[in-house]
Amino acid sequence: MTPLDLWLSRSIPMCLLLHSLVLMAICFPSASMCPKGCACQQADYSLHGLNVTCSLSRLREIPPDLPPDTVLLQLDHNHIQAVPDRAFQGLRMLRRLNLSHNAVETLGEGAFLGLEASLEELDLSHNRITSVHKDAFARLKARVHVDDNPWHCDCALQQALGGMAHNHEAAARVHCRSSELRDQEGRPFLAVDADLCILARRTTDYAMLVTMFGWFAMVISYVVYYVRQNQEDARRHLEYLKSLPSKPKKPDEPEDISTVV
Ligand SMILES: *[C@@H]1O[C@H](CO)[C@@H](O)[C@H](O)[C@H]1NC(C)=O
Ligand SMILES: *[C@@H]1O[C@H](CO)[C@@H](O)[C@H](O)[C@H]1NC(C)=O
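Below you will find a few notes about this structure. (Residues numbered from 1 in each chain as written. Chains lettered and ligands numbered in written order. Predicted model: local features only at pLDDT ≥ 70, side-chain atom pairs only at ≥ 80, totals over all residues. Heavy atoms only, no water.)

**Details of the nonpolar core**
- Phe88, Leu97, Leu107, Phe112 and Phe137 are the most contacted members of the largest nonpolar core, which totals 45 residues.
- Listed by contribution, the elements that provide at least two residues to this core are strand S2 (50-53), strand S9 (151-153), helix H2 (155-162) and helix H3 (168-172).
- With three residues, H2 is the single largest residue contributor to this core.
- What phenylalanine 88 contacts, discounting residues up to four positions off in sequence, is Ile62, Leu66, Leu73, Leu75, Val83, Leu97, Leu99, Ala111, Phe112, Leu113 and Leu115. (Core = buried A, V, L, I, M, F, W, Y, C linked by side-chain atoms within 4.5 Å. Buried < 20%, exposed > 50% of the residue type's maximum accessible area, 1.4 Å probe, protein only. Helix = DSSP H or I, 4+ residues; strand = E, 2+ residues; numbered from the N terminus. Contact = heavy atoms within 4.5 Å.)

**Some remarks on the pairing of strand S3 (residues 70-74)**
- Most of S3 is tucked away: four of the five residues are buried.
- In the sheet, S2 pairs with S3 via four bridges, with the strands oriented parallel. Bridging from a neighbouring strand, leucine 50 pairs with threonine 70 of S3.
- In this structure, S3 lies alongside strand S4 (residues 96-98), joined through three bridges in parallel fashion. Within S4, the residue paired with glutamine 74 across the bridge is asparagine 98. (Pairing = 2+ DSSP bridges.)

**Comments concerning the side chain of asparagine 149**
- Considering the arrangement of structural elements, one finds asparagine 149 in the loop between strand S8 (143-145) and S9.
- Those residues in contact with asparagine 149, other than ones at most four positions away along the chain, are Leu124, Ser125, His126, Asn127, Arg128, Ile129 and His175.

**Section: the site of ligand 2**
- Around ligand 2, the surrounding shell consists of Gln74, Asp76, His77, Asn98, Ser100, Glu121 and Asp123.
- Interatomic distance of 3.2 Å between a side-chain N/O atom of aspartate 76 and an oxygen atom of ligand 2.
- A distance of 2.8 Å separates a nitrogen atom of ligand 2 from a polar atom in the side chain of aspartate 123.
- Bound to the protein, ligand 2 loses 56% of the 360 Å² it would expose on its own.
- By residue class, the composition of the shell around ligand 2 is no nonpolar, four polar and three charged. (Near = heavy atom within 4 Å. Polar contact = N/O pair within 3.5 Å; in protein donor to acceptor, adjacent residues only side chain to side chain. Areas by Shrake-Rupley, 256 points an atom, 1.4 Å probe, with all protein chains shown as cover. Nonpolar A, V, L, I, M, F, W, Y, C, P; charged D, E, K, R; others polar.)

**Thoughts on the site of ligand 1**
- In the vicinity of ligand 1, the residues found are Gln41, Ala43, Asp44, Tyr45, Asn51, Thr53 and Leu72.
- The side chain of glutamine 41 places a nitrogen or oxygen atom 3.5 Å from an oxygen atom of ligand 1.
- If ligand 1 stood free it would expose 360 Å²; the protein chains cover 60% of that surface.

**Some thoughts on a nonpolar patch on the surface**
- A cluster of nonpolar side chains, namely Val219, Tyr222, Val223, Tyr225, Tyr226 and Val227, defines an oily patch on the protein surface of about 610 Å² accessible area.
- Considering the arrangement of structural elements, one finds tyrosine 225 in helix H4 (residues 196-243). (Patch = residues over 30% accessible without salt bridge, like charges linked within 9 Å, V, L, I, M, F, W, Y side chains within 5 Å. Salt bridge = Lys/Arg side-chain N within 4 Å of Asp/Glu carboxyl O.)

**A look at the packing of aromatic side chains**
- For the coordinates displayed, the defined rule picks out three aromatic pairs.
- Ring centres of phenylalanine 112 and phenylalanine 137 lie 6.3 Å apart, and the angle between their planes is 15 degrees; on these two criteria the pair is classed as stacked. You can see phenylalanine 112 sitting in the loop between strand S5 (106-107) and strand S6 (121-123) and its partner phenylalanine 137 sitting in the loop between strand S7 (131-132) and S8, a full 25 residues away along the chain. Residue phenylalanine 112 shares its accessibility class with phenylalanine 137, and that shared class is buried.
- What links up through ring pairs into an aromatic cluster is the set Phe88, Phe112 and Phe137. (Phe/Tyr/Trp six-rings, centres within 6.5 Å; stacked < 30°, edge-to-face > 60°.)

**A closer look at the packing of H2 against H4**
- At a minimum axis distance of 8 Å, the contact between H2 and H4 shows a crossing angle of 150 degrees. If you check the angle between H2 and H4, you find them roughly antiparallel. By crossing handedness, the relation of H2 to H4 is classed as left-handed. The segment H2 lies against H4, with Cys155, Gln158 and Gln159 engaging Leu196, Cys197 and Ala200.
- The residue makeup of the contact of H2 with H4, split by class, is four nonpolar, two polar and no charged. (Axes fitted to C-alpha atoms, helices over the stretch in contact; angles between N-to-C directions. Parallel < 35°, antiparallel > 145°, perpendicular 65-115°, else oblique. Left-handed = near helix turned anticlockwise from the far one by under 90°.)

Here you go:
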């Protein structure tokens, strides 16, 4: 074996190994970084990060493996039903989030946790949202679109929208499919300026009053029943004493009753 042969026989496997390593380094990150059903590309303009488009992909949930440098995220026209707490927490650069035309029904307190500093626009229009946690949008600086949802207008919604002073526009486009207030149904949320939270508090106060009255009535009727029962026993006892044949002195009736009672 010449030195050249030796060198070749050792370096070709090395070369192949190196080659596959380089290929892996090039191919793997990009393959694992863009979630299934999405297209990822550098965003235009001065946005330094990825434009992730997952529109019309029949997604049933939010992809768990979104790239951390996503700045634009299009999730519109899918079948997403829920936004779990902290679903976007890792996306510190996310500016625009489009969840319109999905099947989202409700939003919890932590749905948009982690997006407070970066998010500029949040589209939740054309979903099935009826209710939100009162703090679902708390501390978000984003412009929020919540129109075309079957809202149930209640205290929590009033608190959630009230917390977004800069989002009067969003609140103005909320129509109440149903409401705590009968005359608000089918009308714009802002058309009735009753305080739904005071209303809710009054309802609970009333319920409390009724419950307390119920307990009170039960206690009273038990006491009455107990007194009656004892009087009956006392009378029977007296009659028994009276019926005894030879007793020199009869016990004093009224005093006896009162002591038993
Ligand atoms: C993001 O990508 C979509 C298609 O993938 C494109 O239509 C859109 O213009 C892009 N937007 C920006 C701001 O890069
Ligand atoms: C979200 O996507 C829908 C459908 O593509 C589009 O009509 C809407 O303008 C988008 N919203 C925002 C805030 O970009």
